[in-house]
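# Inside the fold
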Amino acid sequence: MNSMPPDPALHQTGLRANEEGEDKRKEPPRETERRERGRRIIARLIGFLAVAIVAGLVGFGLWTKSSRNAEADAAMEARVNATPTVRTAIVKEDSTPRTIELTGNMTAFDSATLFARATGYISVRHADIGTKLKKGDVLAVIAAPDLDQQLVQAKAQLVQFQAAVQQAQANADLGRVTDQRTSRLVAQGWSSAQQGDNDRLTLAARTAAVAVAKANVTAQEAAVSRLQQLTEFERITAPFDGVVTSRLVDVGSLVTADAASGTPLFSMARTDVLRVQAFVPQSATFGIKDGDAATITVSELPGKTFTGHVARNAEALSAGTRTLLMEVDVDNKDGVLSAGLYSIVHLAVRRPNPVIVIPSQAVIFNKDGLRVAVVSDGKIELRKIELEQDNGANVEVRSGLKNGDRIILSPPANVSDGMSVKTA
């Protein structure tokens, strides 16, 4: 093949193409830099915008808070400067008795435990717990044959002693006749002086024997009377009208009459009248007297009240509790109440001095103590008070108020001396 020489124009064209290709390969790095700078600018703009938004929000919040504080201060100043309207009440002295409630314990008016006074066995039992008895009714009978035989023997000995008295009296009568006859014979000289002395002294001895025999009879009569009383104790009788509260023996039980360790047989209680024992605090003792009326209530009997009267008191306060034991007698003939019940005693206590009763909501309690706000001519005066009694819903004021004062009910928190108020 024939070779042809290269064309110079084509050669120049190829060189230019190569240079343009190299330039195109060098252009991408500069473009990347431009794009990176653009992103940075955009990020800065976004950051500046976010900061501006946050600053705007913070500024708006501060402005809003400041506005609210200003409004609150203005409202507070308006409230402080405003004259409040309050509810008031006029106080009055109260000299009527106050009612107190005390816990009471009901007990039987009379109660007794019956013991054996004769040793033996229970042969008959007529009563049990709950049995209502009259005074003298027989509860049980004790069989005591030893005691019965002692009584028979004592009566027989009494008959012997009575016969001995008759015998001694007959001997004394004979001695008296003999002494009279002998004394005349001695005076006439028909009998010796020795015989006269014997008959006279025999009369004196026989007279003394009569006195001894009579004394024996008296002693034996006392022994018989004692044994008769003991045999009467074989019949256990009710000492008063009441009810049997406990039975401790049954038929066949052995009972002893020992004074130290006698056998208890029955317990009885008189319940037609009940004693209600209550302890009165020292503050009320001067306002209650014997004979005062009282009302009794029992929580298990709602709606029912029982009347009674103060019957007696201990006349001395307990040193530990400073309370006075007082008893109220309550009629219980219908038997509704029972001994041992827990009850409430309502008593009317006389007041030694008139007091002023005000609602508890009128009392101000703070570091200055107890005070009330008194309104006079639209101005407040705070007065210290002393309480007589706190009854919860109301209090009794001993000093600090006088009849006719106008007090504020539920005084405002910022109440102060000289404060102006309006009364509703």
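The paragraphs below set out a description of the structure included in this document. (Residues numbered from 1 in each chain as written. Predicted model: local features only at pLDDT ≥ 70, side-chain atom pairs only at ≥ 80, totals over all residues. Heavy atoms only, no water.)

What follows covers helix α3 (residues 145-188). When the terminal C-alpha atoms of α3 are compared, their 65 Å separation across 44 residues agrees well with the 64 Å that a helix rising 1.5 Å per residue should span. Among the residues of α3, Leu147, Leu151, Ala154, Leu158, Val165, Ala168, Ala172, Gly175, Asp179 and Thr182 are the ones counted as buried. Buried residues belonging to α3 abut α4 (193-232). In the stretch just after α3, glycine 189 is the one whose phi turns positive, near 85°. (Helix = DSSP H or I, 4+ residues; strand = E, 2+ residues; numbered from the N terminus. Expected span 1.5 Å × (residues − 1). Buried < 20%, exposed > 50% of the residue type's maximum accessible area, 1.4 Å probe, protein only. Contact = heavy atoms within 4.5 Å.)

Note that lysine 304 resides in the loop between β11 (293-297) and β12 (306-317). Owing to a relative accessible area of 45%, lysine 304 belongs among the partly exposed residues under this scheme. The sequence separation of lysine 304 and proline 239 amounts to 65 residues, and the corresponding C-alpha distance is 32 Å. Residues within four places of lysine 304 in sequence aside, it is in contact with Ile296 and Thr297.

This part is about the environment of arginine 200. By secondary structure assignment, the location of arginine 200 is in helix α4. According to the relative accessible area criterion, arginine 200 is partly exposed, its value standing at 44%. Considered as a pair, arginine 200 and valine 395 are 195 residues apart in the sequence and their alpha carbons are 100 Å apart.

Looking now at the pattern of salt bridges. Taken as a whole and assessed by the stated rule, the structure comprises 21 salt bridges. The partner of arginine 371 in a salt bridge is aspartate 368, and the shortest N-O contact between them spans 3.5 Å. Residue arginine 371 is classed as buried on the basis of its relative accessible area of 14%. In this structure aspartate 368 comes out as partly exposed when scored by relative accessible area, which is 31%. In this structure, glutamate 386 engages arginine 398 in a salt bridge whose closest nitrogen and oxygen atoms are separated by 3.4 Å. (Salt bridge = Lys/Arg side-chain N within 4 Å of Asp/Glu carboxyl O.)

Judged by pairing direction, the sheet is antiparallel, and its 4 strands sit side by side in the order β7-β6-β4-β9 without closing on themselves. At either end of the open sheet lies a strand with only one pairing partner, and these are β7 (235-237) and β9 (254-255). (Pairing = 2+ DSSP bridges.)

What follows is about the packing of aromatic side chains. Under the definition given, this model contains 0 aromatic pairs. Above the ring of phenylalanine 109, the side-chain terminus of arginine 275 is found at 4.3 Å from the ring centroid. (Phe/Tyr/Trp six-rings, centres within 6.5 Å; stacked < 30°, edge-to-face > 60°. Lys NZ or Arg CZ within 6 Å of the ring centre and 35° of its normal.)

A surface patch of nonpolar side chains, amounting to about 340 Å² of accessible area, comprises Ile41, Leu45 and Phe48. The residue phenylalanine 48 is located in helix α2 (residues 28-81) in this model. Residue class for phenylalanine 48 comes out exposed when judged on its relative accessible area of 58%. (Patch = residues over 30% accessible without salt bridge, like charges linked within 9 Å, V, L, I, M, F, W, Y side chains within 5 Å. Areas by Shrake-Rupley, 256 points an atom, 1.4 Å probe, with all protein chains shown as cover.)

Attention now goes to α4. Over its 40 residues, α4 extends 59 Å from the first C-alpha to the last, a length consistent with the 58 Å expected when each residue adds 1.5 Å. Those residues of α4 that fall on the buried side of the exposure criterion are Gly196, Asp199, Leu203, Val210, Ala213, Val217, Gln220, Val224, Leu227, Leu230 and Thr231. Taken together, the buried residues of α4 touch α3 and β7.

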